[in-house]
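Now for the letters of each chain:
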Amino acid sequence: SSGAAGASTIVTPTETTTYTVVVTATTTGVGCTATASTTVTVSVETPDIAGISDGDMVWSGNAGTTDWSTDGNWISFNGTNYVAGSVPSSTTNVFLVTYGDGCSVGNPVLGGSSATKNLTIGDDKELSLGSNTISIAGNLTNNGTFTAGTGSVIFNGSTHQTISASSLTFNNVT
């Protein structure tokens, strides 16, 4: 950071850790100089997902929207750490899970036709289709809430696909 008013420090963590940032400001007035210091501790948490693999995507909602089709709402696991991701595709496993203290923001809503390989909706998470279509090339596991709306689900895998859910209602399924 710099000493200018409104200065900031940007931390881009890729693993669960804690950062301590010390901010010091010096002001000079007539006949005196004052220094004030504030320490802020920032804890960063990443998802702890059993079975996650290189290239899998996790919903973060970091873009501040609920739009599934916004790149900034996704983080990607690179085999070691989480990095900025892009919108999932038919070859991407997707995890909608709650992690950290408010790290996963909101729930995704399809804004158009979307695709994924395996789709896992975790506890306390919801996927809303609206009037859109999601193509799933792998398995669907729903431990949260799946809201079909007037949308469609297309299971288009090349091998046997599994649907795992205690309760699940589709509007239109192929």
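No experiment lies behind these values; they were computed from the predicted model shown.

K.L.:
How do you make sense of the pairing of strand β10 (residues 133–136) when you look at a structure like this?
P.N.:
Moving residue by residue along a regular strand, the side chains alternate between the two faces of the sheet. Taken together, the three bridges between strand β7 (residues 114–116) and β10 define a ladder with parallel strand orientation. The residue of β10 that forms the bridge with Ala115 is Ser135. Bridge count for β10 against strand β13 (residues 152–155) is four bridges, and the pairing is parallel. Directly across from Ile136, in β13, lies its bridge partner Phe155.

K.L.:
Is there a simple way to think about the packing of aromatic side chains in this case?
P.N.:
Within this structure, the stated rule accounts for five aromatic pairs. Taking 4.9 Å as the distance between ring centres and 75° as the angle between the ring planes, the aromatic pair formed by Trp68 and Trp74 counts as edge-to-face. Plain terms: the ring middles of Phe146 and Phe170 are 5.6 Å apart, the flat faces sit at 65° to each other, and that makes the pair edge-to-face. With Phe146 in strand β12 (residues 145–147) and Phe170 in the loop between β14 (163–165) and β15 (172–173), this pair connects stretches of sequence that are 24 residues apart. Taking relative accessible area as the criterion, Phe170 reaches 25% and is therefore assigned partly exposed.

K.L.:
Looking at this model, I keep getting lost on the sheet that holds strand β5 (residues 82–84). Mind explaining?
P.N.:
Two pairing modes exist for strands in a sheet, parallel and antiparallel, and in both the strands are linked by backbone hydrogen bonds. With mixed pairing, seven strands are arranged side by side in an open sheet as β5-β4-β3-β6-β8-β11-β14. With one partner strand each, in any of the chains shown, β5 and β14 form the two edges of the open sheet. In this sheet, neighbouring strand axes are inclined to one another by 20° on average, regardless of whether the strands run parallel or antiparallel. Pairing of strand β11 (residues 140–142) with β14 involves three bridges; the strand directions are parallel. Bridging from a neighbouring strand, Thr141 pairs with Ser164 of β14.

Cut-offs used in this document
Residues numbered from 1 in each chain as written. Predicted model: local features only at pLDDT ≥ 70, side-chain atom pairs only at ≥ 80, totals over all residues. Heavy atoms only, no water. Pairing = 2+ DSSP bridges. Helix = DSSP H or I, 4+ residues; strand = E, 2+ residues; numbered from the N terminus. Phe/Tyr/Trp six-rings, centres within 6.5 Å; stacked < 30°, edge-to-face > 60°. Buried < 20%, exposed > 50% of the residue type's maximum accessible area, 1.4 Å probe, protein only. Axes fitted to C-alpha atoms, helices over the stretch in contact; angles between N-to-C directions.

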